[in-house]
There are 2 protein chains.
Amino acid sequence: MADKLVYYFGGQKAEGTAGMKNLLGGKGANLAEMINLGIPVPAGFTITTEVCTAYYENEEKFPEELEAQVREAIARVEAEMGSVFGDNTDPLLLSVRSGARASMPGMMDTVLNLGLNDESLKGLIARSEDRRFAYDCYRRFIAMYGDVVMGMKPESKIEHDPFEVLYEAKKQASGVELDHELSADALAELVVEYKDAIRKRTGQEFPEDPYAQLWGAVGAVFSSWHNDRAVKYREMNDIPADWGTAVNVQAMVYGNMGSNCATGVAFTRDPATGERRFFGEYLVNAQGEDVVAGTRTPQQVTLVGSRLWAESAGISEEERAKRYPSLEELMPEVYEQLEGFYQTLETHYRDMQDIEFTVQNGRLWMLQTRNGKRTAFAAFRIAVEMVEEGLIDKNTALMRVPPDGLNQLLQPVFDSEDKQRAIDKGRLLAKGLNAGPGAACGRVVFNAEDAEAWKKAADRGEKVVGVKWDNLILVRVETSPEDIRGMDAADGILTARGGMTSHAALVARQMGKVCVAGCGALQIDYSRREMRVGDKVVRQGDFLSIDGTTGEVILGAIETLPSEVVQVLVEKTAPPESSEVYQRFEMLLSWADEVRRLKVRTNADQPDQCVTARAFGAQGIGLCRTEHMFFEGDRIDTVREMILAEDQAGRERALAKLLPMQQSDFEGIFAEMDGLPVTIRTLDPPLHEFLPHTDKEIKALATQLGLPPKQLREKVDSLHETNPMLGHRGCRLGIVFPEITAMQARAIFEAAAACEARGIQVLPEVMIPLVGHVKELSNQRAVVEKVAEEVKGRTGTKFDYLIGTMIELPRAALTADEIAREADFFSFGTNDLTQTTYGISRDDMNRFVPIYGDLKIYDHDPFQTIDAAGVGRLVEIGVEKGKATRPDIKVGICGEHGGDPASVVFCHRAGLHYVSCSPFRVPIARLAAAQAALEG
Amino acid sequence: MADKLVYYFGGQKAEGTAGMKNLLGGKGANLAEMINLGIPVPAGFTITTEVCTAYYENEEKFPEELEAQVREAIARVEAEMGSVFGDNTDPLLLSVRSGARASMPGMMDTVLNLGLNDESLKGLIARSEDRRFAYDCYRRFIAMYGDVVMGMKPESKIEHDPFEVLYEAKKQASGVELDHELSADALAELVVEYKDAIRKRTGQEFPEDPYAQLWGAVGAVFSSWHNDRAVKYREMNDIPADWGTAVNVQAMVYGNMGSNCATGVAFTRDPATGERRFFGEYLVNAQGEDVVAGTRTPQQVTLVGSRLWAESAGISEEERAKRYPSLEELMPEVYEQLEGFYQTLETHYRDMQDIEFTVQNGRLWMLQTRNGKRTAFAAFRIAVEMVEEGLIDKNTALMRVPPDGLNQLLQPVFDSEDKQRAIDKGRLLAKGLNAGPGAACGRVVFNAEDAEAWKKAADRGEKVVGVKWDNLILVRVETSPEDIRGMDAADGILTARGGMTSHAALVARQMGKVCVAGCGALQIDYSRREMRVGDKVVRQGDFLSIDGTTGEVILGAIETLPSEVVQVLVEKTAPPESSEVYQRFEMLLSWADEVRRLKVRTNADQPDQCVTARAFGAQGIGLCRTEHMFFEGDRIDTVREMILAEDQAGRERALAKLLPMQQSDFEGIFAEMDGLPVTIRTLDPPLHEFLPHTDKEIKALATQLGLPPKQLREKVDSLHETNPMLGHRGCRLGIVFPEITAMQARAIFEAAAACEARGIQVLPEVMIPLVGHVKELSNQRAVVEKVAEEVKGRTGTKFDYLIGTMIELPRAALTADEIAREADFFSFGTNDLTQTTYGISRDDMNRFVPIYGDLKIYDHDPFQTIDAAGVGRLVEIGVEKGKATRPDIKVGICGEHGGDPASVVFCHRAGLHYVSCSPFRVPIARLAAAQAALEG
């Protein structure tokens, strides 16, 4: 421990600086910094964190040297503030607050008005000329001190605060309802009653000696470093216990000493929108807590803000000016000073500040400044504008924006007031997982075919079931690949089962659809086309609103607005110059592109998704799932014909019909991705996913195929699997039915040849899924290569192509050195890799994973953020072993993790070349990749 | 390459020895060795493997030095044999054979009778005094040479051998049917025709110069090292291509030169039973190939053997002595000599030998000796007896017995002749996987309840459905835990689905039941209680025989015999002294126990299994599955009550009823395992496995529980999982319902306390399944510890216990350092670990894994032998990381791999402390562990 235990601040000079956070805590360092900037701060001093540590090391005793240093500091405060601690004419009163290195808001204790006793009270009355005010301060101090220092807590959870009880009794006895109606005499009685209560319960007298009060308070603040709340908070936030807290002792100033007093909080920019405007609220003749508590309607600091507020609150200018004048109007000099200070502070800290101030008898005191919390939308705007203003550099700006927050710029939004009104009216039906951010509102439809049919009818301008259909909310227990077109037709997807990476959530995000998933409260009855939550019934065609950002499901319609960025970039319904948001978005991402090392690709299956993804900056396709194409139009019939074929010849007949369809799909995709690599995965899902399952559907298909329904049912049943996730899927399909792989390879290479002939540059990368053994890959590689060479030879076209594999099984990662012999690239399929590494089926996890959350067994959802210790370790092993065999092997990730910022950082560190994610997450990944590069 | 390219052998002296296999190949080295032992071998020489390598390195040309060395060796052979190569009075004829370092039977080419031409033919006629014999040799030589050296192969797969065609035409033209009826003249004509055919097809003359013949043959043998068959065989057996083959050139001797000639093969002990008796077959006036080909009935070498053979073939002693005399009778001097040689050879090689011999004009020549192939049964007997005879030491004996072969000693067996008769009569129905070795025969039953009821009735001596029931074959599409008691009631289990480690196979092996699994040809119709294969129908009650050693399913009954070892050791129906097999079994395993380091535990759930396992030498229980107990008696009702309870209170009521039942289970097990550790796994399978699924069963249960069937169906459906393997099971159950874990812990510890009070030493090890994150284990550990301390305190008993976990998920292995903080032991659950590492569900693998076998994608079934590169790597990582955190952590394996010899070797190398396997595999694991220790 250093010799210097106490750091004074006051007047124009502080002994500390902002750089001394470890020693003085964040609050102490910032107070010192403000003083050094020439900003008026009530004088005071900081007892260092080292003292806290020593206090705990020495059986909760203060170091001997402390007392002298504190007394010396008090003398300097007295001199600066012109009042004397414990004086009975003009007493110096103090606040005693904690202040740790890292912010731990509300976790530790505070004592205000310290120094008051029966003698100094007289001085406070004299100075304030307000007996009621002085007694109120006194009884507040006794209550706070009694609570924090003397242990006057409620004795059980159901008991009230003992001082609160006396206070309420006094109000009742006085026949008053509101606090400020209590008379000075009544408060004086309370002072006596409070002291009696302390004596009675603790057997100790309330200390009249100011220094005794001070040492009690300092000890209590140190002790609160180890209270339950603080310990838990530190555990949750990884704050070491041995950091300790500093204690800030500071002269009290009062915003409630009369009408020339005030108190307020302000942000140097709008914390919701990020707009560069001074934004603050204050109250005349009030204490800081009154502003925050919301018991009185706070007034706006600026005149502009005040007028805007009045307008939205429906208050006339006359009334506003009279009842709610701005600080700018009411105390113009103070306001001018404040404006200067906020500019000084923002410029100094180079970030948006959250400040607290008090006006005591017309004199402005700054009590606190810190970086202000803000919405992601605001963070983004502030970061970009501060670069334009020259306050920060581009890299700092990039680090200031939470990548996930970019989502807010891309999603349609509910009119928040309209939503609140709906909730107030009891229209909140249930809450689920906020799986696909954004807002969607439309009519409920319970199956995918209906959704598609209705959408088509609506597009033709027809009515369906007598109603003009517009937006649709598709409600399913869960979704499967055959629901794809229905999902595409809907604006929002709501499921009763499934997690954040369930099929519904995954596809919805890829499609940019709003999705609320795993909403367990819903009881869906397909046969009646209705769902229930308790006694509320929602029928097909009813209006429903789902908020994918919050997980709320609300009865009836709420208005939505498309985001500006999407209008400009994707829908192209607005010109770029019309949107500042768009311009800032492009600006920020262009900076990100300058520094990131990871490339960002997209997961896309259709040309329109390619267009969206390229608009968002995708540098290729990392995953094109061919099976989604199998559900388009009438193809599913041909697919089923292929699956149900009795022999290879039958399968090949059906595949021959599918070939031109797939080829045209790929041509469409190659055309949109001109010049960029396109990774196409061969067929992956188990074949039974393509077959009907209900008796009715089977009957229909049997009729169509001219088969007895019983025979078809048997065939469908024979394809049933106990654990389809671990069954006949992935490359296992292509190995058993090489003709399927051959058809897909042919479609890819014929499309490549056709595109090359049109002058389009194609870079196909054929990806074999679910490889666990190198020989699986060599088997499929041979099939693909044979077709490629045949197509090249026949068409005389030259195109380059790669053949690689998903690494999505633990064994693939563990034997990546062997697999790399046959692979030009690896793409880590971290969705399935997480499922197999954890042994958890995403489809079934909702029965226990939420409880794991309650029990804090998982730090995070491993399907959302990659699990570094387990799944991540396999990725590292895979990269390491793959590169050992083939140093130039291309490695990427195509699981949903590719769009998760924390996982992108992991991918950067693991040495991957690219991440791939759904189109709407491309910007997020670009920013996250930039942050990873800047951090690493 | 060394200077010496050719190694001569002949007379009493050879230049090579048995130790020169790498240079001379196995055959050449053994021929040399025999000479050195003073055994008469036709003289010859070996061209080294180095020449083969040089030949390939030098564009298929022979080294210059070779010719001189060969000519010199030929001269020595001529001198030794007293005949001259190419001579027209007494020509030396040669055989030219390949001989690689490792045996590659039949893969490469051979030429016999080399040295014959139109001149030397005269000499052969003169010497043999048999014109027909000489011409037959000549035409055989031309055909063989034409084929091997001159490329006279059939031109397509459907074409016949060109010489064969001429030969058949000649027989037809001569009006004869049998080969030996062709006259010398006819054969002489064929010689001309063969030569014409060669000239016509190849444009080349058949070479008359003996040396030209020789160089052609040597080159052809070298070339055959790279023929397709040989290349494939080497790939399959990991034989390096650069080893090359040696060429053995040896003087021909003839067993077909008259009635004082003979040829035969013999084993120094019985290769089927291992009995120490000289066992051989021979033919008079015949070539070696005649004995093997089976065209003539071979005669027995020994008189004893001959009489036994005649008896089983139903031939009178008179007829035998006349038509099929033994060599012992026919050529007593030769026999005496032969007997001496075989003893010399067996003593020299210290192993049972497979020898070939030829008698030419009354003179015995030995042509080959090698370690003889034998059944596991024979291997075991020979090994033990050779130790008793002082031929080998115990460790050598241990290495000689394939551990899996011990199974043959434990399983009931079919009467092989009766089975063959059945197959001959067309009663073979189908073939499946040989999942549970042994033979079972009984009446077919199609569901577990029937099996149980019928068994009970049979035990009471009652008839069922009018028939006296005895043994039962339970036939199911697949089995599940609820079939356990039915499986126990049956003698054999036959399933249509599932692999070698399917539930049926696993439980069957643990129970020691015969099982044929995954017999895909069966079409089972439960409702009609019948199954079909093609037009064959098997109905309930029909007799069926299944051979779990071969996978055969045979209609009707075949007699079975219980094994001697089981009679003595398990059934105790025979005294130990009655069975030599048993005594040898115990002997061998006692040797194994002396050297092995791995302990062997068993997987057992019931006291009777414990008894069996201890009889087989188990050193504890490595896995006691508590869920099997849940199906006993009426318990399933209480289990269902627990599962269907609406709340915790309801569950606890049901659990309270289960507690005494589980406690008494554990008491029974602890009592049988007195003094040995017992690892008990808490509840593992998903709860829906305990619920009924058919409408009828649900209705019955609903009535019993007083619930509306619809409500029950909904509850059952709500527990349905898409991928139950990856669902709500293992510790996830105990975490969501801690009261289940608490009940099981209480049952364990109350049982422990009760047993300790009875003087039984208990060592319970509580094992938490499916842990993937350390916090899952700490959660469950806390529940178990709390109960343990409570029981200890209340009962005042002191018992030690451990708490550990299965490592059966990749993540558990990868984070074993973290998990070890909470685990006293690890038990690798390699069944599930293989499923998750490969991403393969055992229940669903039959659709593609058999095809993988055909395509040689997997070297072996990873569920049978641990996959060292993937799953094994995880085991190694788990052991390494676990020991890093807790150096004394106990590590074992409880997957089915624990009973697989190759996997036991892996476990030994990975540093595990024990393996655990089903009771009947305990002896196998003991032996395998000994072999691992001896190897490592």
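Residues numbered from 1 in each chain as written. Chains lettered and ligands numbered in written order. Predicted model: local features only at pLDDT ≥ 70, side-chain atom pairs only at ≥ 80, totals over all residues. Heavy atoms only, no water.

K.L.:
I keep staring at the overall build of chain A and nothing clicks. Help me out?
P.N.:
The helix and strand tally for chain A stands at 38 helices and 36 strands. When its C-alpha atoms are laid out on the principal axes, chain A stretches across 105 × 65 × 55 Å. Of all 936 residues assigned to chain A, the portion counted as buried reaches 58%. For chain A, the proportion of contacts with a sequence separation of at least 24, taken over those separated by at least 6, is 69%. Across chain A, the centroid of the 105 positively charged side chains sits 4 Å from that of the 141 negatively charged ones. (Helix = DSSP H or I, 4+ residues; strand = E, 2+ residues; numbered from the N terminus. Buried < 20%, exposed > 50% of the residue type's maximum accessible area, 1.4 Å probe, protein only. Contact = heavy atoms within 4.5 Å. Lys, Arg positive; Asp, Glu negative; His and termini not counted. Charge placed at Lys NZ, Arg CZ, Asp CG, Glu CD.)

K.L.:
Sorry, what's going on with the confidence of the model for chain A here?
P.N.:
Detail in the predicted coordinates should be disregarded across regions flagged by low pLDDT. Averaged over all residues, the pLDDT of chain A equals 90, while 96% of them reach at least 70. For this predicted complex, the interface confidence reaches an ipTM of 0.79, while the overall pTM sits at 0.80. (pLDDT = per-residue confidence, 0-100.)

K.L.:
Even after reading the chapter, I still don't get the interface of chain B and chain A, so can you show me in this structure?
P.N.:
In many reports, interface size means the accessible area that the parts give up when they come together. Taken together, the contacts link 48 residues of chain B with 48 residues of chain A. Taking both partners together, chain B and chain A bury about 4400 Å²; carbon and sulfur atoms supply 56% of that area. For the chain B face of the interface with chain A, the top three residues by lost area are L726, R811 and R847 of chain B, together amounting to 15%. Summed over the shared surface of chain B and chain A, the number is six salt bridges. Across the contact surface, chain B and chain A share 31 residue pairs in polar contact (both at pLDDT 80 or more). Elements supplying a minimum of two residues to the side of chain B that touches chain A: α29 (731-736), α31 (774-795), α32 (810-814), α34 (830-838), α35 (849-854) and α36 (868-885) of chain B. When residues of the side of chain B that touches chain A are assigned to their parent elements, the largest contribution, five residues, is made by α36 of chain B. A class-by-class count of the residues in the side of chain B that touches chain A yields 21 nonpolar, 14 polar and 13 charged. (Buried area = accessible area lost by both parts, 1.4 Å probe. Salt bridge = Lys/Arg side-chain N within 4 Å of Asp/Glu carboxyl O. Polar contact = N/O pair within 3.5 Å; in protein donor to acceptor, adjacent residues only side chain to side chain. Nonpolar A, V, L, I, M, F, W, Y, C, P; charged D, E, K, R; others polar.)

K.L.:
Would you take a moment to explain unusual backbone geometry for this structure?
P.N.:
In this model, R350 of chain A sits at a positive phi of 55 degrees, which is unusual for a non-glycine residue. Considering the arrangement of structural elements, one finds R350 of chain A in the loop between α14 (332-349) and β12 (353-360). Although it is not a glycine, E59 of chain B adopts a positive phi angle of roughly 50 degrees. Following the sequence through the fold, E59 of chain B ends up in the loop between α2 (49-57) and α3 (65-81). The class of E59 of chain B is exposed, set by a relative accessible area of 63%.

K.L.:
What should I look at first to understand the packing of helix α24 (residues 607-615) of chain B against helix α26 (residues 648-672) of chain B in this one?
P.N.:
For any two helices packed against each other, one specifies the inter-axial angle together with the distance between the axes. Residue and element names in this part refer to chain B. Where α24 meets α26, the closest approach of the two axes is 8 Å, and the angle between their N-to-C directions is 15 degrees. With respect to each other, α24 and α26 are oriented roughly parallel. For the element pair α24 and α26, the recorded crossing hand is right-handed. Within the contact between the two elements, α24 uses P607, C610, V611 and R614 and α26 uses G668, I669 and E672. Taken together, the residues of the contact of α24 with α26 break down into four nonpolar, one polar and two charged. (Axes fitted to C-alpha atoms, helices over the stretch in contact; angles between N-to-C directions. Parallel < 35°, antiparallel > 145°, perpendicular 65-115°, else oblique. Left-handed = near helix turned anticlockwise from the far one by under 90°.)

K.L.:
I would appreciate a short explanation of the sheet that holds strand β21 (residues 492-495) of chain B in the present structure.
P.N.:
Remark on secondary structure: sheet strands pair via backbone hydrogen bonds, oriented parallel or antiparallel. All names here are of chain B. Spatially, eight strands are ordered β15-β27-β26-β17-β20-β21-β22-β16 in an open sheet, and the strand pairing comes out mixed. Of all strands in the sheet, those bounded by a partner on one side alone are β15 (428-431) and β16 (433-436). Recorded for the sheet is a direction-independent mean angle of 30 degrees between the axes of neighbouring strands. Of the strand pairs in this sheet, β15 and strand β27 (residues 552-555) are connected by three bridges, and their pairing is antiparallel. Counterpart to A430 in the pairing with β27 is V553. Sitting on the sheet, helix α18 (residues 416-424) is in contact with β15, β26 (543-547) and β27, with an inclination near 70 degrees to β27. Seen against the sheet, helix α19 (residues 448-459) touches β17 (439-445) and β20 (472-476) and runs at an angle of roughly 170 degrees to β20. (Pairing = 2+ DSSP bridges.)

K.L.:
Looking at this structure, how should I read the packing of helix α5 (residues 131-148) of chain A against helix α8 (residues 210-224) of chain A?
P.N.:
Residue and element names in this part refer to chain A. Orientation of α5 relative to α8, taken along the N-to-C sense of each, is 50 degrees, at an axis distance of 10 Å. Comparing the axis directions of α5 and α8 gives the class oblique. Considering how the two elements wind past one another, α5 and α8 form a crossing that is left-handed. Residues F141, Y145 and V148 of α5 pack against A212, Q213, G216, A217 and A220 of α8.

K.L.:
I keep staring at the side chain of E808 of chain A and nothing clicks. Help me out?
P.N.:
Residues and elements named next belong to chain A. Tracing the backbone shows E808 in the loop between β33 (802-807) and α32 (810-814). Of the buried charged residues, E808 lacks a salt bridge, with R729 as the closest side chain of opposite charge at 4.5 Å. Each residue touching E808, except ones within four places of it in the same chain, is listed here: R729, P769, L770, G829, D832, L833 and T836.

K.L.:
Looking at this structure, I do not really get a negative patch on the surface. What am I missing?
P.N.:
All names here are of chain A. Taken together, the side chains of D488, D608, E632 and E672 make up a negatively charged region of the molecular surface. One can find D608 in helix α24 (residues 607-615). Among the residues examined, D608 registers a relative accessible area of 44% and is labelled partly exposed. (Patch = residues over 30% accessible without salt bridge, like charges linked within 9 Å, V, L, I, M, F, W, Y side chains within 5 Å. Areas by Shrake-Rupley, 256 points an atom, 1.4 Å probe, with all protein chains shown as cover.)

K.L.:
In this structure, what is going on with the relation of the copies chain B and chain A? I would like to understand it.
P.N.:
Two chain copies here: they are related by a rotation about an axis and a translation along the same axis. For the pair chain B and chain A, the relating rotation is 179 degrees, the translation along its axis is 0.1 Å, and the fit reaches an RMSD of 0.3 Å. What the rotation and shift describe, once combined, is the action of a two-fold rotation axis. In terms of proximity to the rotation axis, the leading residue of chain B is N723 of chain B, whose C-alpha is 2.0 Å off the axis. (Least-squares fit on C-alpha atoms with pLDDT ≥ 70 in both.)

K.L.:
Looking at this structure, I do not really get α24 of chain A. What am I missing?
P.N.:
In an α-helix there are 3.6 residues to a turn, and that puts residues three or four apart on one side. Residue and element names in this part refer to chain A. Taken as a whole, α24 has its buried residues at Q609, C610, T612 and A613. Buried residues of α24 fall within an arc of 165 degrees about the axis and therefore sit on the same side. Positive backbone phi, approximately 100 degrees, marks G617, located one or two places after α24. (Arc of directions from axis to C-beta.)

K.L.:
Looking at this model, I keep getting lost on the sheet that holds strand β2 (residues 13-14) of chain A. Mind explaining?
P.N.:
All names here are of chain A. Spatially, the six strands line up as an open sheet ordered β2-β1-β3-β8-β6-β7, and their pairing is antiparallel. Each having just a single partner strand, β2 and β7 (110-114) make up the two edges of the open sheet. Bridging between strand β3 (residues 44-47) and strand β8 (residues 245-251) involves four bridges; their strand directions are antiparallel. Each bridged residue has a counterpart across the sheet, and for G44 the counterpart in β8 is Q250.

K.L.:
Would you mind showing me how to read the pattern of salt bridges here?
P.N.:
Pairing of side chains with opposite charge becomes possible as their charged atoms draw close. All names here are of chain B. The final tally for this structure, using the stated rule, is 138 salt bridges over all chains. Its salt-bridge partner being K710, residue E714 comes within 3.5 Å of it at the nearest N-O pair. With E714 and K710 both in helix α28 (residues 709-718) and four residues apart, this pair spans about one turn of that helix. Owing to a relative accessible area of 46%, E714 belongs among the partly exposed residues under this scheme.

K.L.:
I keep staring at the packing of aromatic side chains and nothing clicks. Help me out?
P.N.:
The geometry of an aromatic ring pair comes down to the distance between the two centres and the angle between the two planes. Residue and element names in this part refer to chain A. For the coordinates displayed, the defined rule picks out 49 aromatic pairs over all chains. For the ring pair F163 and Y194, a centre distance of 4.8 Å and an interplane angle of 55 degrees mean the geometry is tilted. Remark: Y194 occurs in helix α7 (residues 184-202) and F163 occurs in helix α6 (residues 162-174); sequence separation between them is 31 residues. Judged on exposure class, the residue F163 and its partner Y194 are both buried. Their ring planes at 10 degrees and their centres at 5.5 Å tell us that F749 and F799 sit as a pair that is stacked. Linking F749 in helix α30 (residues 738-757) with F799 in the loop between α31 (774-795) and β33, this pair joins segments that are 50 residues apart in sequence. Neither F749 nor F799 differs from the other in exposure class; each is buried. Here the aromatic residues Y55, Y56, F62, W215 and F222 are joined through ring pairs into a cluster of three or more. Above the plane of the ring of Y7 lies K4, whose end atom (NZ or CZ) is 4.8 Å from the centre. (Phe/Tyr/Trp six-rings, centres within 6.5 Å; stacked < 30°, edge-to-face > 60°. Lys NZ or Arg CZ within 6 Å of the ring centre and 35° of its normal.)

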